[in-house]
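Geometric and topological summary
Take a look at the letters that make up each chain.
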Amino acid sequence: MRLATFNLLHGRSLTDGLVDPDRLTAAVTALDADVLALQEVDRDQSRSGNLDLTAIAARALDAPHHRFAGALVGTPGEGFRPLTGDDDGHGEPCYGIGLISRYPVRKWRVTRLTPAPVRSPVHVPGPGRGPGLVLLRDEPRVVLAAVLDTPYGPLTAAATHLSFVPGWNLRQLRQVVRALRALPAPRILLGDLNLPAGVVRVVSGWRPLGRRPTYPAGEPRVQLDHVLGDRHALRRLPPVTAVTTPLSTISDHRPLLVDLG
């Protein structure tokens, strides 16, 4: 079983600044993941060709089960409003996360997290240059969980992308852990947590399944992207056999891949 998480940067290449669906397809196909969590995902955004990036990624993996969970309606860094539910935002540009599975899904669950009440400086990458520092308003966040039927029995896999505001992301991580306790064990959390590995382990109490730097993509220095396992019932899953962070043709993050068994 291969678990993976990838912050897509809405499929954008840092080389030319473009979003190319064929390039996105090739990048996701190369991951060959059985369960893939995606962050910074667009749906119906003009900047990414009005594409459904989650659906493109699911086709690339030949994965029949996938879902997009919007966190906001509008465009990050510009004008947006919180997305309030699955019936909101249809026909409008949305932005959020995705979860893709080659295994059958018993049920889905969405948990919404409120944004920090303050602005915070963020490094914004651009084509042909280094990142720039921009003071941004925080965005609403979302957790997308699925109970999967896997070869090792039921498994809860959850995807999220936490706040970039220091301290607020710790608060959100605790919220996520509490929310996932209501779903069957074993439980796996995948995503860009905007936190380093040591802090994530201490605050969540969950075990990191892969320790590798993932950001920035060219020369990774810090791990922001994680695959965590709830220690409760984790023994039901096979052991970790490989952890990789391959360089991709898109995004300012590297994907994190964890092989079990």
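Residues numbered from 1 in each chain as written. Predicted model: local features only at pLDDT ≥ 70, side-chain atom pairs only at ≥ 80, totals over all residues. Heavy atoms only, no water.

By the naming in an unreviewed UniProt entry, the chain is Endonuclease, taken from Micromonospora musae.

**Looking at the packing of aromatic side chains**
Applying the stated criterion across every chain, the model contains 0 aromatic pairs. Across from the ring centre of W168, 4.5 Å away, lies the NZ or CZ of R171, which sits over that ring. (Phe/Tyr/Trp six-rings, centres within 6.5 Å; stacked < 30°, edge-to-face > 60°. Lys NZ or Arg CZ within 6 Å of the ring centre and 35° of its normal.)

**Considering empty space enclosed by the protein**
A water-sized probe rolled over the atoms picks out the places where empty space is left. Taken as a whole, this structure holds 1 cavity of 30 Å³ or more when the rule is applied. Quantified by volume, the largest cavity comes out at close to 70 Å³. Along the walls of the largest cavity sit E40, A71, L72, Y95, G96, I97, E139, P140, R141, V142 and H161, which together make up its complete lining. Those elements giving two or more residues to the lining of the largest cavity turn out to be strand 3 (65–74), strand 5 (94–101) and strand 9 (141–150). In terms of residue count, strand 5 provides more of the lining of the largest cavity than any other element does, 3 residues in total. Broken down by class, the residue content of the lining of the largest cavity amounts to 6 nonpolar, 2 polar and 3 charged. (1 Å grid on protein atoms, 1.4 Å probe; cavity = no way out; pocket = protein on both sides within 12 Å on 5 of 7 lines; lining within 4 Å. Points joined across faces, edges and corners; volume = space filled by probe spheres on them. Helix = DSSP H or I, 4+ residues; strand = E, 2+ residues; numbered from the N terminus. Nonpolar A, V, L, I, M, F, W, Y, C, P; charged D, E, K, R; others polar.)

**Comments concerning the pattern of salt bridges**
Taken as a whole, this structure holds 11 salt bridges when the rule is applied. R47 is the partner of D42 in a salt bridge, and the nearest nitrogen-oxygen pair spans 2.8 Å. Among the residues examined, D42 registers a relative accessible area of 0% and is labelled buried. Residues R81 and E92 are paired through a salt bridge, measuring 2.8 Å at the closest nitrogen-oxygen approach. Of this pair, R81 sits in strand 4 (residues 80–82) while E92 sits in the loop between strand 4 and strand 5, and the two are 11 residues apart along the sequence. Judged by relative accessible area, which is 33%, R81 ranks as partly exposed. Residues participating in the shared-partner salt-bridge network are D32, D34 and R102. (Salt bridge = Lys/Arg side-chain N within 4 Å of Asp/Glu carboxyl O. Buried < 20%, exposed > 50% of the residue type's maximum accessible area, 1.4 Å probe, protein only.)

**Here's the deal with helix 3 (residues 168–180)**
Helix length check: helix 3, at 13 residues, gives a terminal C-alpha distance of 19 Å against a target of 18 Å (1.5 Å per residue), a fit within 8%. As for helix 3, its buried residues are in contact with strand 6 (105–113), strand 9, strand 10 (153–161), strand 11 (187–192) and helix 4 (197–204). (Expected span 1.5 Å × (residues − 1). Contact = heavy atoms within 4.5 Å.)

**Re the pairing of strand 11**
Among the 6 residues that make up strand 11, 6 are buried, leaving the element largely enclosed by the rest of the structure. Neither face of strand 11 is open: one carries R187, L189 and G191, the other I188, L190 and D192, and all of them are buried. As paired strands, strand 10 and strand 11 are joined by 6 bridges and run parallel to one another. From the neighbouring strand, T156 faces strand 11, where its bridge partner is R187. In terms of handedness, the path from strand 10 via helix 3 over to strand 11 forms a crossover that is right-handed. Alignment of strand 11 against strand 13 (residues 225–229), held across 5 bridges, turns out to be antiparallel. Each bridged residue has a counterpart across the sheet, and for I188 the counterpart in strand 13 is G229. (Pairing = 2+ DSSP bridges. Right-handed = clockwise from strand over helix to strand, strands pointing away.)

**Overview of the nonpolar core**
Core analysis: the largest hydrophobic core is formed by 26 residues, its most contacted members being L3, V35, L99, I188, L190, V227 and V258. Every element with two or more residues in this core is listed here: strand 2 (35–43), strand 3, strand 5, strand 9, strand 10, strand 11 and strand 15 (256–260). For this core, the element with the most residues is strand 9, which contributes 4 residues. Sequence-distant contacts of I188, defined by excluding residues within four places in its chain, comprise L3, L155, T156, A157, A158, W206, L209, V227, L228, G229, L234 and L237. In this structure, F6, L31, L38 and A58 belong to the second largest nonpolar core, which totals 25 residues. (Core = buried A, V, L, I, M, F, W, Y, C linked by side-chain atoms within 4.5 Å.)

**What about the sheet that holds strand 12 (residues 207–208)?**
As summarised here, the arrangement of the 6 strands in space is 6-9-10-11-13-12, forming an open sheet in which the pairing is mixed. Every other strand in the sheet has two partners, leaving strand 6 and strand 12 as the edge strands with one partner each.

**Looking at the environment of P93**
When you line up the elements, P93 lands in the loop between strand 4 and strand 5. A C-alpha to C-alpha distance of 7.1 Å links P93 and T75, two positions 18 residues apart in sequence. Once you skip the residues sitting within four places of it in the chain, P93 turns out to touch R43, D44, Q45, L72, V73 and G74.

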